[in-house]
Amino acid sequence: MMSKLIIRDLTVEIVTPSGPIFPVEQFSLSVEPGEIVGLVGESGSGKTMAMRAVVGILPRSAHIASGEILLSDADNAFVPSSQQSHLRHNIAMIFQNPTSYLDPLMSVGKQVAEPLRLHQGLTRKEARTEAIELFRKVGIHDAERQFDVYPHHFSGGMKQRVLIAAALACNPKVLIADEPTTALDVTIQKQILELLCRLRDETGISIIFITHDLGVVSQLCDTVSVLYAARIVESASTIELLNAPLHPYSLGLIRSQPESAQRDRPLPSIPGQPPALNAMPSGCRFLPRCEFAIQACKQPSPPPLVQTSAVRSNACLRWRELQTLGLNYD
Amino acid sequence: MTEILKVENLNVHFKRSSLLDLMRRKKLVTKAIDAVSFEVERGSCIGLVGESGCGKSTLSKAILRLIKPTSGSIFFENGNIQELKGTSLFDYRRRVQMIFQDPLGSLNPRLTAGEVLEEVFYVHGVRKSANRKILVHSLLDKVGLSRDVVDRRPGALSGGQCQRIGIARALAVDPDLIIADEAASALDVSIQAQILNLLRDLRHDMGLTMIFVSHDLGVVRYLCDDIIVMNRGQIVERGGIDQIFDKSTNPYTRSLVESMPGLHRQDY
Amino acid sequence: MRAARLLLSVGFLKNNNLTLVLGIFLSVCWVVIAIFAPWIAPYDPIAQDVARTLQPPSFAHPFGTDNFGRDVLSRVIWGSRVDLAMGLGGVFAPIIIGCTIGLLAGYFGGIIDTLLMRFLDITISFPFFILMIAIISILGPGLMSFFIALALVGWVSYARLVRSRTLVLRHSDFVAAGQILGFSSIRIMFRHVLPNAALPVLVFIMSDVVLTILLGSSLSYLGLGVQPPLAEWGIMIAEGQNFISTAWWITLFPGLAIVILALSFSLIADGLAAQYKVSE
């Protein structure tokens, strides 16, 4: 049973005393069944806020101003976002800091079994068996014994596994992972990424992976969308994006990775810093930091995301020229 | 090349004795640093890598004399830093500095950027306010900040700006050795590159010796000449870039390098 | 209100903190009344007038007169001086002593912390009123004995509050940075730790002022504090209670004054607490 998720023109609004601000603007994303989609952006770019809107856990001050979220059901028919419960039951989310999402006074097994009893009406015993099964699935060894262990005995990586198990408990169609490995060591990060890959292969679940790390994206994701200042600036398959970015911001991000830099030269960094939500520049938001900016970029509204090929879209006015320039990495 | 810092058979042990442990008659000793020896050449940049809990932060704290080692010694220019007192300790404080991981947390939230920097000059003997202001301005130029940040508190500055203030503060005393503890890892990618460039330039311009503590092998490969890999309080391996990234036979080093999420563009 | 608006305009008060504004407004009113008492009060607060005893509120005496013919309004106005001095003066020594002890214990830890905290435990175990009565029996009743007794005991809460904040701040990076830069412990404690521990202390000061005023008036009521014929609200209530069924105004107005003064500082405390939460 697989589902396709479509997010169309999602805009999130926060009303502040000094006027409304939009942490997410015209966010569109489609996630095929079994696909791993990366959402890349810096802090404040709106990647987490967009996904919180999808799951329905926006902070109290924020609300969805427009747009729709569609998830196909078993018959492949799309259920509109007005049916919140359909979305909530089929989309699960895991977070950066697993510790703050686990109850320190409840054994880890119970925290996975409890929702099973609640939502699927299993008996205590059935839930326990099911939870142990889930623990095995996410690679917790000796699952039966670990069931009764309390969170503080677990390392960060193990806690994240528990959270993934809890997220999988209700058989979601889509798993949203919000920087689940940022707080973990690289060796543990690798294990978690491998786990997510394996889960996708085994169950056909779709995964939206939020991260700021292009390295992780290149290991894990099939496609990737790059966010800058509340808007998607480029969407493409991971390979295409990393090898031939068509937006100056994506290019800047890739270039400034120290992994790919040459030691004897300065890192090609993007000058300046991202704009604040209440002080967005008019026109293209990347304009003040962009080395390719021209007069036309100063148009009043930000350039829209346009389809540039069957599987790519881009929000740079000059993408065609950039393509012919043949951007590379030096 | 002369060595500026030498660590000899350093041990830092923490006793963990909670009430529960006492009742069980157990005395747990955590060996945060276990028989660590190495030396740092003047003007070099050493990368100190390892996973969380490997002892790299404890080691930098010991070098900065923020914690007392259980045994072993640390020599700075042939003087044992444990024996420093009074003015010689104050002089050591001037010559070894640190840049912190959390840009915001390393600045007193109640002081403006100007006050933070001026205080350093005041403590180190610049009593005339006008002179301090001139020094602060030249520092801000050095780290690439505009002069109007002096009146702002850390809360009103971005992460990158805060980190530049933190770097300026460390440079204020004109140090010889700087320990950078994950100095760029809390920053966004585009800002991280700016800070790494700044550190790199400063190191070359001022002839600084640098110990770059990091879990990010990519950053270390870009910035450092020499890498020390730590695990469970011990030095696992020390070597140049080639040795660590390409030729290492040490299983731990290899697993670290292999877990590094590089950009796999060659698949295209 | 102007002061409040001024504070609003300099951005001290975010998101319309009405509690704080009202608290500050009321407190400022009391301070003004206390300072200008000689000019505001229509009569001499201790001048007796046997011809006009126990008069109900009237145009000449808005709050009436007491059993000695003294004007209750004038006595309430003059009383604000004593009670404000009691409240503000009473917390002064505890703040200084408590903050210093808390800072030292929290910052240095180890044996210093242990010693200071045991000293604190001993202080807490002293019954306050017995200590108070002992001091008064040595020094005689009056404001001075009251202040000394408070200085001996009142610092405990401040010390605990500052110590707990200091324990957290001691491990912050900016304190480490100060140590690495060779700052003296005194400088780090008073310039870097204390200012960052100040807000919760400020909140506590406000509620402590309230408690101190109530304590002071109670002691005066019991005859252990300020002595008659000085106008003090606690004394006035004590003196008026014999006439409560016939001349209710003698006790009602000083009672109200205590309530309003206490309320104004409580409002500031609540407002600051809310403000503190916002800024956290």
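Before any of the text, the structure's been laid out above.
It should be emphasised that the depicted structure is a prediction, and the values quoted were computed from it without experimental measurement.

Colleague: Can you walk me through the overall build of chain C in this structure?
Modeller: When its secondary structure is counted, chain C shows 12 helices and zero strands. Moving toward the C terminus, one meets the helices and strands of chain C in the order α-α-α-α-α-α-α-α-α-α-α-α. The long-range share in chain C, meaning contacts at least 24 apart out of those at least 6 apart in sequence, stands at 71%.

Colleague: It is not clear to me how the interface of chain C and chain B should be interpreted in this structure. Could you clarify?
Modeller: By a widespread convention, an interface's size corresponds to the accessible area lost as its parts come together. In this assembly, 13 residues from chain C lie in contact with 19 residues from chain B. Mapped by element, the contributors of at least two residues to the side of chain C that touches chain B are α9 (173-180) and α10 (185-221) of chain C. Considering every element that reaches the side of chain C that touches chain B, the biggest residue donor is α9 of chain C, with six residues. For the side of chain C that touches chain B, the class distribution of residues is seven nonpolar, five polar and one charged.

Colleague: Mind showing me how you'd approach the packing of helix α6 (residues 156-168) of chain A against helix α7 (residues 186-203) of chain A here?
Modeller: The relative placement of two packed helices comes down to the angle between their axes together with the axis-to-axis distance. All names here are of chain A. Here α6 crosses α7 at 15°, and the two axes come no closer than 10 Å. The orientation of α6 relative to α7 falls into the category roughly parallel. Considering the relative orientation of α6 and α7, their crossing is right-handed. Where α6 approaches α7, its residues Gly 156, Gly 157, Gln 160 and Ile 164 are matched on the opposing element by Ile 188, Gln 191, Ile 192 and Leu 195. Here the residues of the contact of α6 with α7 sort into four nonpolar, four polar and no charged.

Colleague: Please clarify how the arrangement of the chains should be interpreted in this entry.
Modeller: Of all two pairs of chains sharing an interface, the pair with the highest contact count is chains A and B. Kept free of each other, chain A and chain C leave a smallest C-alpha distance of 9 Å between them.

Colleague: I would appreciate a short explanation of the nonpolar core in the present structure.
Modeller: The nonpolar side chains of a soluble globular protein tend to be buried with one another. Membership of the largest hydrophobic core comes to 190 residues, with the highest contact counts inside it found for Ile 208 and Phe 209 of chain A together with Phe 212 of chain B. There are two domains that each give this core at least three residues, and those are domain 1 (5-221) and domain 2 (227-325) of chain A. What Ile 208 of chain A contacts, discounting residues up to four positions off in sequence, is Val 31, Val 37, Leu 39, Met 51, Val 174 and Ile 176 of chain A. Core analysis: the second largest hydrophobic core is formed by 48 residues, Leu 73, Phe 253, Leu 261 and Leu 267 of chain C among them.

Colleague: What's the story with the pairing of strand β3 (residues 36-40) of chain A in this structure? I'm lost.
Modeller: One face of the sheet, then the other: side chains in a regular strand alternate in exactly this way. Residue and element names in this part refer to chain A. By the criterion of burial, β3 is predominantly enclosed, with five of the five residues buried. Every second residue of β3 is oriented toward a common face, with Ile 36, Gly 38 and Val 40 on one face and Val 37 and Leu 39 on the other, all of them buried. Summarising the sheet, β3 and strand β8 (residues 206-211) pair through five bridges and their orientation is parallel. Residue pairing in the sheet places Gly 38 in a bridge with Phe 209 of β8.

Colleague: I tried to follow the pairing of strand β6 (residues 96-99) of chain B on my own but got confused; where do I start?
Modeller: Residue and element names in this part refer to chain B. On β6, burial covers both faces: Val 96 and Met 98 on one face and Gln 97 and Ile 99 on the other are all buried. The pairing of β6 with strand β7 (residues 177-181) spans four bridges and is classified as parallel. Residue pairing for β7: Ile 99 is matched across the bridge by Ala 180.

Colleague: Explain the environment of Leu 196 of chain A to me, please; I cannot follow it from the model alone.
Modeller: All names here are of chain A. Looking at the element boundaries, Leu 196 is found in helix α7. A sequence separation of 51 residues divides Leu 196 from Arg 145, and the C-alpha atoms of the two residues are 23 Å apart. Once you skip the residues sitting within four places of it in the chain, Leu 196 turns out to touch Ala 177, Ile 207 and Leu 220.

Colleague: So what exactly am I meant to see when it comes to the sheet that holds strand β7 (residues 174-178) of chain A here?
Modeller: Pairing between sheet strands relies on hydrogen bonds along the backbone, with the strands arranged either parallel or antiparallel. Residues and elements named next belong to chain A. On the basis of which strands lie adjacent, the open sheet formed by eight strands has the order β6-β7-β8-β3-β9-β10-β12-β11 and mixed pairing. Both outer strands of the open sheet, β6 (91-94) and β11 (306-307), are each paired with one neighbouring strand and no more. In the sheet, β6 pairs with β7 via four bridges, with the strands oriented parallel. Bridged to Ala 92 within β7 is Leu 175. Lying over the sheet, α6 contacts β6 and β7, oriented at roughly 170° with respect to β6.

Colleague: Please clarify how the interface of chain A and chain B should be interpreted in this entry.
Modeller: Tallying the contact residues gives 32 residues for chain A and 28 residues for chain B. Residue assignment for the side of chain A that touches chain B shows that the elements contributing at least two residues are α7, α8 (214-220), α9 (238-243) and α10 (248-255) of chain A. The leading source of residues in the side of chain A that touches chain B is α8 of chain A, at five residues. Grouping the constituent residues of the side of chain A that touches chain B by class yields 12 nonpolar, 14 polar and six charged.

Colleague: Before we go on, may I ask you to explain the sheet that holds strand β10 (residues 234-240) of chain B in this structure?
Modeller: Residues and elements named next belong to chain B. Ordered by their spatial adjacency, six strands build an open sheet running β6-β7-β8-β3-β9-β10, and the pairing between neighbours is mixed. For this open sheet the edge positions go to β6 and β10, each flanked by a neighbour on one side alone. Recorded for the sheet is a direction-independent mean angle of 20° between the axes of neighbouring strands.

Colleague: Please clarify how the environment of Ile 227 of chain B should be interpreted in this entry.
Modeller: Residue and element names in this part refer to chain B. Relative to the helices and strands, Ile 227 is located in strand β9 (residues 226-231). Look at Ile 227 and you get buried, because 25 C-beta atoms sit within 10 Å. A C-alpha to C-alpha distance of 5.6 Å links Ile 227 and Ile 46, two positions 181 residues apart in sequence. Apart from residues lying up to four places away in sequence, Ile 227 is in contact with Gly 47, Val 49, Val 220, Arg 238, Gly 239, Ile 241 and Ile 244.

Colleague: Would you mind showing me how to read the environment of Ser 85 of chain A here?
Modeller: Residues and elements named next belong to chain A. Relative to the helices and strands, Ser 85 resides in helix α2 (residues 84-90). Classification of Ser 85 as exposed rests on a count of 9 C-beta atoms within 10 Å. Linking Ser 85 and Leu 118, residues 33 residues apart in sequence, is a C-alpha distance of 15 Å.

Calculation notes
- Residues numbered from 1 in each chain as written.
- Chains lettered and ligands numbered in written order.
- Predicted model: local features only at pLDDT ≥ 70, side-chain atom pairs only at ≥ 80, totals over all residues.
- Helix = DSSP H or I, 4+ residues; strand = E, 2+ residues; numbered from the N terminus.
- Contact = placed C-beta atoms within 7 Å.
- Nonpolar A, V, L, I, M, F, W, Y, C, P; charged D, E, K, R; others polar.
- Axes fitted to C-alpha atoms, helices over the stretch in contact; angles between N-to-C directions.
- Parallel < 35°, antiparallel > 145°, perpendicular 65-115°, else oblique.
- Left-handed = near helix turned anticlockwise from the far one by under 90°.
- Core = buried A, V, L, I, M, F, W, Y, C linked by C-beta atoms within 7 Å.
- Buried ≥ 20, exposed ≤ 12 C-beta atoms within 10 Å, placed from the backbone.
- Domains from an automatic or database assignment.
- Pairing = 2+ DSSP bridges.

Geometric descriptors of this kind do not, in isolation, establish any biological role.
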